[in-house]
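# Structural characterization, general
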Amino acid sequence: MSENGVASRRGKVLTLDTMNPRIKRVEYAVRGPIVQRAVQIEKELKEGAKKPFTEVIKANIGDAHAMGQQPITFFRQVMALCAYPELLNSSQFPEDAKNRAKTILQSCGGGSIGAYSASQGIEYVRQDVARYIEKRDNGIPSNPDNIYLSTGASDAIVTTLKLLMCGEGMSRTGVMIPIPQYPLYSAALAELGAVQVDYYLNEERCWSLDVSELRRSLEAARKHCNPRVLCIINPGNPTGQVQSRECIEEVIRFAAQERLFLMADEVYQDNVYADGCQFHSFKKVLFEMGPQYSDTLELVSYHSTSKCYMGECGFRGGYMEVINMDAEVKAQLTKLVSVRLCPPVPGQVMMDLVANTPQPGDPSHSTFIKEKSATLNTLAERARLTEEILNTVPGIQCNPVQGAMYSFPRITIPERAVQKAKEKGQAPDMFYCMNLLEETGICVVPGSGFGQKEGTYHFRMTILPPTEKLKILLNKLKEFHLRFTQQYS
Amino acid sequence: MFGLGTIDPNVRAIGGSQEHDLHRRAGQIRAELQQGVSKPFSDVIDVSSGDSHLTGMMPVTFVRQVIAACLCPALIHSDDLPVDVRRRAQDLLAQLDGESMGSYTDSCGAPNVQRSVAEFITRRDGGVPASPQNIFICGGSQRALALLLEILIPNDGPPYTGVLTPVPTYKTFTMLLEETGTVMVPYQLCEEQGWVLQIDELRRALRDSRGHCSPKVLYVINPGNPTGHVQTMKSIAEVIQFAAEEELFLLADEVYQDTVHGDNSEFISYKRVLFEMGGEFSETVQMASVHSASKGYMGECGLRAGYVELVNIDHTVMPFAEWLIGTKICAPVPGQVALDIMARPPQPGDASYVQYTQEVQAIQETLVHNVRRAQEVLNSLPGMSCQLPEAGIFVFPRLQFHPQVAEHAKKAGVDADLLYSRRLLEDSGVCVSPGCEYGQRDGTHHLRLCVLIPTNTLDEMLTRLTRFHLRFMAEFF
């Protein structure tokens, strides 16, 4: 016992045992251990370490600018003008960018992007977003009051999930998510103490969503929780699948029948590459199915500034549109978002630009179209290239990358390698990816981070590296796979 | 269908904010004025939130120039901007993936920004070292606090965790507690003595709480919001000792640290005091300190930029904190740039130094002048007394209402200061924040007004408020 008796009584307040236990179950594979090792290797290379490669190629995260994609000039011009309005006097900026910046600044408190906005987001921006949605959806009306701007789509998704959590034990809210999934969902569900209900996408049929599987999953879940929410990612992450219109209709019918709340993550809506594929928003299909569905089905759809052709991840811009939400629940949602004060205003401005792009006749129009097309065409080319090269590798099967930014090929891992992985306490595809990283400097994310059918192995890679580098990556991957298979045969 | 009965009960439990309602109404009135609706005033003066840009304070030029150059790198090669701006933008971009503000940064923040902040803290605290690994960059102090509460609060059901919270305190913090299902354990600040924190009151609050919750966290705001009180070193040391004795996690909200304007006051950080108390405390007391680019002279609320410094957090717990913040992916990059500048402003010799210093000084002078002027005018009104705060961007006058006002308010089902605030807005176009938002001793009433606003706006606001106040008070005699 020390002199004043204090030290001996005092223990730490925040320990592994006393912290929120739900946090222990939170994992986000996209930035998990493999990325940490990649960063370490980069450091080692910088310090002059000798390796069988000269650079780490990061194909793990859906960050287009990090891999060299260029921003849309008009967007950045307007943003710079909003940040420093003195530039309105500069001859370096086109008239339409200046006019747009002026209009946006007028909608900001005190004419500054440094003022708080309304918690739901700047009204002018929400109006533009509503108009964008209407144009996209063949004129189906969108009410700006149903638009909530957010800090990226992730923020809106987590906010929605939080709102819908209730019950204990058997009555605890269950949330249906696709397997494989974007691990934000499983992380959020772990954080919120929600019950994760998996439904498997069909790899043999190009990662399609089968309602029979939805039904199986729902019925199994009803035995131990109250499954009330159905999450769809379209175009898919990591699968790249673009759902057909028929499929979307089936899902809507199913959700209506089973009274499920539909969350449609549509952040890749402009990233559609494959012939015969088209993005159909859940909202558009819902309303085209008639009032029997559109009057009652609860739907929230999400979009973001991070993907598509703009790739502006760092701004944390996004929105959700809520359809048929109970008015009292909506009021609670409005209250909930106010606790975070407001979404970042630069992100809101970026969302406005995405919703309202230069029109024919505007000085910036032709450059805008050129830049947008170039980016989307390059992505389409890389999607095709990835599928093509990977499918030449015995032991790698790659479904067509119909959309989004990723490929999720299936890999055959020899039994001896599976054993070796188990000895190391690693998932077999983690073992594979770690070896890949150490031997080639290529960083991808093991399929176990996204979920997959038992006994199958995958990895997710982005199609974002510049085309020449992507070719190198794919060929190195091919060589590695053959070597690895040989080594562990 | 999801109805009120099938949503998160914690979300339902979040109390509505009157300030938000008033602020919304102020926006409506502004729109009505624009549409040509006739009112006894020509514009709305909204001083209800701690948002200096809203009422017309200008951003600091250097901050906006650097952000603009980072947004539009073509500016780096043009003469539109001073050379140090361009160099800073170039340096910042070089450290971002793909040299673009559009990339994600590391989840805990861009490493160079973490470094700048750590160095800033070290300098501020007279050399007490801060490590970049203990700095998490977040989308505003509110997100930082939410993150901390999420790590700290088990949320497993009874006993529920208690957080000792000062009264008065700003509304969004109490909303955050409600959202997380955390029990607020109020400790009253002493208005008679300039809103000081009294250890006896802390002890009382803690003792009384033990029956109905498990108190784990002690939340302090220094400088205070809404009070503007600045704690002395002695007071901080006492609080730290108390936290140590009672095994409480110290949550220090220090976002107003750059706004000290009282002649006899000085901001000393909790961390510095902790360190100077020696090994027995400095190696064991667990603490988190929160700061932001929203307050102070930068006032960049809309950029959503803040950080938390973690002190004495177990290395076994840190990875979880990192994973948790990882699910937000990263803080907005424009805000991270603003933080970098806040932590590392222009230095003597830099091209922008003179202008930067002049602008900051002008803002500080405006604040000092406005606080004194507001205190003087409000304190002279019958039925109003106003203390001179030592820091912060608000004044928090106390209203003494005739009993009839309280009765009238009761009939309307609202607090008297809310009634007053609503009438003030409708009659004079001045939007303030009612004291009932902050918690106050029963039977007392207050208003909070932001005074970091252009001086001529302040004068106009005070004129309207004075006129209204005299009319209002006369109505009830």
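As the structure is a prediction and not an experimental result, all values here were calculated from the model.

### Topic: the packing of aromatic side chains
Within this structure, the stated rule accounts for 26 aromatic pairs over all chains. Between Tyr268 of chain A and Tyr406 of chain A, the aromatic rings sit 5.7 Å apart at their centres with planes inclined by 85 degrees, giving edge-to-face as the arrangement. Note that Tyr268 of chain A is positioned in the loop between β6 (261-265) and α10 (282-288) and Tyr406 of chain A in strand β10 (residues 406-407), a separation of 138 residues in sequence. The class of Tyr268 of chain A is buried, set by a relative accessible area of 3%. The interplanar angle of 35 degrees and the centroid separation of 5.4 Å between the aromatic rings of Phe480 of chain A and Phe484 of chain A together place this pair among those described as tilted. Of this pair, Phe480 of chain A and Phe484 of chain A both sit in helix α17 (residues 467-487), 4 residues apart, which is roughly one turn of the helix. No difference in accessibility class separates Phe480 of chain A from Phe484 of chain A, as the two residues are buried. Put simply, the rings of Phe431, Tyr432, Phe459, Phe480, Phe484 and Tyr488 of chain A touch in pairs and so form one group of aromatic residues. Residue placement shows Arg228 of chain A over the ring face of Phe2 of chain B; its charged tip is 4.1 Å from the ring centre.

### Notes on the sheet that holds strand β2 (residues 135-138) of chain B
All names here are of chain B. Strand order in this open sheet of 7 strands is β2-β8-β7-β6-β5-β3-β4, and the pairing throughout is mixed. Bordering the open sheet on either side are β2 and β4 (183-188), each of which pairs with just one other strand. This sheet shows a mean twist of 25 degrees between the axes of neighbouring strands, independent of strand direction. In this structure, strand β6 (residues 249-253) lies alongside strand β7 (residues 287-292), joined through 4 bridges in parallel fashion. Opposite Leu250, over in β7, you have Met287 as the bridge partner. Across the sheet, helix α12 (residues 318-326) is in contact with β2 and β8 (306-311); its angle to β2 comes to roughly 15 degrees.

### Focus on helix α16 (residues 416-428) of chain B
Residue and element names in this part refer to chain B. With 13 residues, α16 ought to run about 18 Å at 1.5 Å a step, and its terminal C-alpha atoms sit 18 Å apart, in line with that. Regarding α16, the residues found buried are Ala416, Asp417, Leu418, Leu419, Tyr420, Ser421, Leu424, Leu425 and Ser428. The positive-phi residue at the C-terminal boundary of α16 is Gly429, with phi of around 70 degrees.

### Some points on the sheet that holds strand β7 (residues 299-304) of chain A
Residues and elements named next belong to chain A. With mixed pairing, the 7 strands of this open sheet are ordered in space as β2-β8-β7-β6-β5-β3-β4. Sheet topology places β2 (147-150) and β4 (195-200) at the edges, where each strand pairs with a single neighbour. Adjacent strand axes in the sheet meet at a mean angle of 25 degrees, parallel and antiparallel pairs treated alike. Against the sheet, helix α12 (residues 327-338) makes contact with β2 and β8 (318-323), and its axis sits at roughly 20 degrees relative to β2, the strand it touches most.

### Some points on the side chain of Arg64 of chain B
Within the secondary structure, Arg64 of chain B sits in helix α3 (residues 61-71). Those residues in contact with Arg64 of chain B that lie beyond four places of it in its chain are Cys82, Ala83, Tyr84, Ser112, Ile113 and Gly114 of chain A together with His53, Pro59 and Glu300 of chain B.

### What to know about the domain arrangement of chain B
As a measure of interface size, the accessible area lost when the parts come together is often cited. Residues and elements named next belong to chain B. Here chain B is described as being made up of domain 1 (4-57 + 357-475) and domain 2 (93-343). A C-alpha centroid distance of 27 Å is found between domain 1 and domain 2. Domain 1 puts 35 residues into the contact, and the matching count from domain 2 is 39 residues. Carbon and sulfur atoms supply 53% of the area that domain 1 and domain 2 bury against each other, a total of about 3000 Å² over both sides. Counting the contacts that link domain 1 with domain 2 gives 2 salt bridges.

What counts and how
- Residues numbered from 1 in each chain as written.
- Chains lettered and ligands numbered in written order.
- Predicted model: local features only at pLDDT ≥ 70, side-chain atom pairs only at ≥ 80, totals over all residues.
- Heavy atoms only, no water.
- Phe/Tyr/Trp six-rings, centres within 6.5 Å; stacked < 30°, edge-to-face > 60°.
- Helix = DSSP H or I, 4+ residues; strand = E, 2+ residues; numbered from the N terminus.
- Buried < 20%, exposed > 50% of the residue type's maximum accessible area, 1.4 Å probe, protein only.
- Lys NZ or Arg CZ within 6 Å of the ring centre and 35° of its normal.
- Pairing = 2+ DSSP bridges.
- Axes fitted to C-alpha atoms, helices over the stretch in contact; angles between N-to-C directions.
- Contact = heavy atoms within 4.5 Å.
- Expected span 1.5 Å × (residues − 1).
- Domains from an automatic or database assignment.
- Buried area = accessible area lost by both parts, 1.4 Å probe.
- Salt bridge = Lys/Arg side-chain N within 4 Å of Asp/Glu carboxyl O.

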